[in-house]
Amino acid sequence: RPPRSTLFPYTTLFRSSYDSLKEDITRQEDQLQALDNSLNTIGIMRERPDAVRVNRRGPASKPQEVSFPRIKIIVPGVTFLVVVLVGGLVFLKEMLDSRIKSPSDVKLLPKVDLLGVIPHADEDPNGQHEIDMVVAHQPAGLLAENFRQLRTEVMNRMQRRRFRTLMVAGCEPSGGVTAVTINLACSLALNDRKVLLIDANFRRPALHSQFKLDKGPGLGDLMSGGADLDSAVRATSANNLDVITIGDADDHILESMESDAFTQLLRKLEDRYE
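Residues numbered from 1 in each chain as written. Predicted model: local features only at pLDDT ≥ 70, side-chain atom pairs only at ≥ 80, totals over all residues. Heavy atoms only, no water.

### Section: the nonpolar core
Here comes step 1: Judged by nonpolar contacts, the single largest core of 24 residues is most densely connected at Val 135, Ile 182, Val 195, Leu 197, Leu 207, Phe 211 and Leu 241.
Here comes step 2: For this core, the secondary-structure elements that each account for two or more residues are helix 4 (134-137), helix 5 (142-161), helix 6 (177-190), strand 1 (195-198) and strand 3 (241-244).
Here comes step 3: Considering every element that reaches this core, the biggest residue donor is helix 5, with seven residues.
Here comes step 4: When near neighbours in sequence (up to four residues on either side) are disregarded, Phe 211 contacts Met 133, Ile 182, Leu 197, Thr 236, Leu 241 and Val 243. (Core = buried A, V, L, I, M, F, W, Y, C linked by side-chain atoms within 4.5 Å. Buried < 20%, exposed > 50% of the residue type's maximum accessible area, 1.4 Å probe, protein only. Helix = DSSP H or I, 4+ residues; strand = E, 2+ residues; numbered from the N terminus. Contact = heavy atoms within 4.5 Å.)

Structure follows, in structure tokens:
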């Protein structure tokens, strides 16, 4: 038997381990009690009528066809949506498009009168596919007839207002102003009227090339004093039709078009031509 003094440390160690185990047992008993309370709460909730949300109605069956997508529904639906979308885009484009495509579009413009309609050159059954000089070369064609109708409407309005001078201007480059002006002048000359055609397009002159004439002397030389009226006015192959080509012009020629000299020039020409 060991002495009493040697047993004291072992006794202290055993007591400390016993106290630690007792605390663990107490803690686990508390956790067990908490779990029992949770189980009791779950059991009470399960006994409520609204606790069961899924009820088994019957055994599952294998589907006989695809529920989605269904071709009989998807194809007509997609086709309808595409047609509506395309139609909406076309309608929106037409609403936002401000270009003139038909005579009815001209009538929609405020303070604008429709004098006549010139069809496309490909619509002429005589085979004249160019509008330049069509009245002089094909006077019996469809285009020439439309220019004569335009001539009649223009002359009626000019005579009512006692105008002797007509200016033709385009809304954009290469819009056919030269061709329309030449054919209108030729149709006036065919009606036994003495006509003078003046090229005042200093940026893109084309009158001299259409009649195969030299560029000058012309309007620019008249305004600058470099030529007289008799040398500037030249005859053409069309009867009763004379022309004044563009001539040579300086940078200030456009300002001179608003001067009294140009007004006096027009008055002199109106005395010579109809």
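From this point, things continue past the structure.
### Some points on the side chain of Thr 236
Here comes step 1: Here Thr 236 is to be found in the loop between strand 2 (234-235) and strand 3.
Here comes step 2: Its relative accessible area of 17% is what places Thr 236 among the buried residues.

### Things to note about the sheet that holds strand 1
Here comes step 1: Read across the open sheet, the three strands follow the order 1-3-2; overall the sheet is mixed. Every other strand in the sheet has two partners, leaving strand 1 and strand 2 as the edge strands with one partner each.
Here comes step 2: Alignment of strand 2 against strand 3, held across two bridges, turns out to be antiparallel. Counted as the bridge partner of Arg 234 is Val 243 from strand 3.
Here comes step 3: On top of the sheet, helix 6 reaches strand 1 and strand 3; it is set at about 170 degrees to strand 1, its chief contact. (Pairing = 2+ DSSP bridges. Axes fitted to C-alpha atoms, helices over the stretch in contact; angles between N-to-C directions.)

### Looking at the confidence of the model for the protein
Here comes step 1: Taken residue by residue, the protein gives an average pLDDT of 82. The fraction at 70 or more is 93%.
Here comes step 2: When pLDDT is averaged over each helix and strand of the protein, the minimum, 76, is found for helix 10 (residues 253-256) and the maximum, 92, for strand 1. (pLDDT = per-residue confidence, 0-100.)

### A word on the packing of aromatic side chains
Here comes step 1: Following the criterion strictly, the structure yields zero aromatic pairs and no others.
Here comes step 2: When the ring centre of Tyr 273 is taken as origin, the NZ or CZ atom of Lys 194, which lies over that ring, is 5.3 Å away. (Phe/Tyr/Trp six-rings, centres within 6.5 Å; stacked < 30°, edge-to-face > 60°. Lys NZ or Arg CZ within 6 Å of the ring centre and 35° of its normal.)

### Here's the deal with helix 5
Within an α-helix, residues lying three or four positions from one another point in the same direction, as the helix has 3.6 residues per turn.
Here comes step 1: Compared with the 28 Å implied by 1.5 Å per residue over 20 residues, the 29 Å span of helix 5 between its first and last C-alpha is a close match.
Here comes step 2: Within the sequence span of helix 5, burial applies to Leu 143, Ala 144, Asn 146, Phe 147, Leu 150, Arg 151, Val 154, Met 155 and Met 158.
Here comes step 3: On the buried face of helix 5, the contacting elements are helix 4 and helix 6.
Here comes step 4: Downstream of helix 5 by a residue or two, Arg 162 has a phi angle that is positive, lying close to 60 degrees. (Expected span 1.5 Å × (residues − 1).)

### So, a nonpolar patch on the surface
Here comes step 1: A cluster of nonpolar side chains, Phe 68, Ile 74, Val 78, Val 82, Val 86 and Val 90, forms an exposed patch at the surface whose accessible area comes to about 540 Å².
Here comes step 2: Within the secondary structure, Val 86 is located in helix 2 (residues 71-96). (Patch = residues over 30% accessible without salt bridge, like charges linked within 9 Å, V, L, I, M, F, W, Y side chains within 5 Å. Areas by Shrake-Rupley, 256 points an atom, 1.4 Å probe, with all protein chains shown as cover. Salt bridge = Lys/Arg side-chain N within 4 Å of Asp/Glu carboxyl O.)

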